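Take a look at the letters that make up each chain.
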Amino acid sequence: MEQVIVAFESEKTCQRIKDILESSGTASCLICRSGDQVRRYANKQHITVVICGYKLADETAEDVLGDLPPVCAMLLLAPQNRLDMVRNDDLFSLPTPVSRSELIASVRMLLQLGCRQESGLQSRRNQEERQQVQAAKELLMERYSLTEEQAHRFLQKKSMDTGMKLSQTARLVLDES
């Protein structure tokens, strides 16, 4: 069974969502209460989905999203007025209250997308392309004091914006240095 992170300020909300997902056989859940905990779990373990509220104990969901691994999707559960304030298109959202079936279906879909994305990332790049991407990330990390995840997300975003492969974008970054 896949693991997901459930992160809300309220312990009761975390437990309710955990119970729904685990009793349905959708996923096993790690409970977090802060953005810092989410980052640590997501970067140390094989996590492709984070389910959270608009605000955690120490920061907002949008702040946390930027530091997650590229294959990790975030599902934001919040009242519609909070969702209207979100400006990040990479965030998946459901307005609360959310039905049990909607929650389960959304998490299953995100888990499937994460598996596909992960297998595609690993198998399509040859060794030379992986080395170029790694070198470009290291250059960005050194030059702009980024974490590896931030550097990868930067390359990924530029790649998507230009319609180029990630390895081509990495090559451009290296050529311009």
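Given the structure is predicted, the values throughout are model-derived calculations rather than measurements.

Visitor: It is not clear to me how the overall build of the chain should be interpreted in this structure. Could you clarify?
Guide: When helices and strands are counted, the chain shows 8 helices and 5 strands. Here the chain has a C-alpha radius of gyration of 17 Å; the compact-globule value for 177 residues is 16 Å, and the two agree. The buried share of the chain, reckoned over its 177 residues, is 42%. Of the contacts made within the chain by residues no fewer than 6 positions apart, 57% connect residues no fewer than 24 positions apart.

Visitor: Is there a simple way to explain the sheet that holds strand β1 (residues 3–7) in this structure?
Guide: Strand pairing within a sheet occurs via backbone hydrogen bonds; the two strands may be parallel or antiparallel. Strand order in the open sheet formed by 5 strands is β2-β1-β3-β4-β5, with parallel pairing between adjacent strands. The sheet terminates laterally at β2 (28–32) and β5 (91–95), the two strands that pair on one side only. Taken over all neighbouring pairs, the strand axes of this sheet differ in orientation by 25° on average, direction set aside. Two strands pair when backbone bridges link them, and β1 and strand β3 (residues 49–52) are joined in this way by 3 bridges, in the parallel orientation. Across the sheet, Ala7 pairs through a bridge with Cys52, a residue of β3. Those strands touched by helix α2 (residues 35–44) are β1, β2 and β3, and its axis lies near 145° from that of β2.

Visitor: Looking at this model, I keep getting lost on the nonpolar core. Mind explaining?
Guide: In globular proteins that are soluble, nonpolar side chains generally tend to be buried together. Ranked by internal contacts, the top residues of the largest apolar core, which has 22 residues, are Ile5, Val38, Val50, Cys52, Leu68, Met74 and Leu76. Elements that contribute at least two residues to this core include exactly β1, β2, α2, β3, α3 (61–65) and β4 (73–78). Not counting residues within four places of it along the chain, the set of residues in contact with Val50 comprises Ile5, Val38, Leu68, Cys72, Ala73, Met74 and Leu75. Judged by nonpolar contacts, the second largest core, of 20 residues, contains Val4, Ile20, Val49 and Ile104.

Visitor: So what exactly am I meant to see when it comes to the environment of Ser167 here?
Guide: Structurally, the position occupied by Ser167 is in helix α8 (residues 166–175). For Ser167, a relative accessible area of 2% gives the class buried. Beyond its immediate sequence surroundings of up to four residues, Ser167 is in contact with Glu129, Gln132 and Val133. A polar contact is formed between the side chain of Ser167 and the side chain of Glu129, at a distance of 3.4 Å.

Visitor: It is not clear to me how the confidence of the model for the chain should be interpreted in this structure. Could you clarify?
Guide: For the chain, per-residue confidence averages 88 on the pLDDT scale, and 94% of positions sit at 70 or higher. Predicted confidence in the chain is weakest over helix α5 (residues 100–123), with a mean pLDDT of 76, and strongest over helix α1 (residues 11–23), with 97.

Visitor: Looking at this structure, I do not really get the packing of helix α6 (residues 127–144) against α8. What am I missing?
Guide: Packed helices, taken two at a time, are described by the angle their axes make and the gap between the axes. Interaxial distance between α6 and α8 falls to 8 Å at its minimum, and their mutual angle equals 50°. Comparing the axis directions of α6 and α8 gives the class oblique. Judged by the twist between their axes, the crossing of α6 over α8 is left-handed. For the pair α6 and α8, contact is made by Glu129, Gln132, Val133, Ala135, Ala136, Leu139 and Leu140 and by Leu166, Ser167, Ala170, Arg171, Val173 and Leu174, respectively. Its residues assigned to classes, the contact of α6 with α8 shows 9 nonpolar, 2 polar and 2 charged.

Visitor: I would appreciate a short explanation of unusual backbone geometry in the present structure.
Guide: Excluding glycine, residues mostly have negative phi values, and the peptide bonds linking residues are mostly trans. Residues Thr96 and Pro97 are joined by a peptide bond in cis, for which omega reads 0°. Within the secondary structure layout, Pro97 lies in the loop between β5 and α5. Residue Ser145 is not a glycine yet carries a positive backbone phi of 55°. Relative to the elements of secondary structure, Ser145 occurs in the loop between α6 and α7 (148–162).

Rules behind the numbers
Residues numbered from 1 in each chain as written. Predicted model: local features only at pLDDT ≥ 70, side-chain atom pairs only at ≥ 80, totals over all residues. Heavy atoms only, no water. Helix = DSSP H or I, 4+ residues; strand = E, 2+ residues; numbered from the N terminus. Rg over C-alpha atoms; globule rule 2.2 N^0.38 Å. Buried < 20%, exposed > 50% of the residue type's maximum accessible area, 1.4 Å probe, protein only. Contact = heavy atoms within 4.5 Å. Pairing = 2+ DSSP bridges. Axes fitted to C-alpha atoms, helices over the stretch in contact; angles between N-to-C directions. Core = buried A, V, L, I, M, F, W, Y, C linked by side-chain atoms within 4.5 Å. Polar contact = N/O pair within 3.5 Å; in protein donor to acceptor, adjacent residues only side chain to side chain. pLDDT = per-residue confidence, 0-100. Parallel < 35°, antiparallel > 145°, perpendicular 65-115°, else oblique. Left-handed = near helix turned anticlockwise from the far one by under 90°. Nonpolar A, V, L, I, M, F, W, Y, C, P; charged D, E, K, R; others polar.

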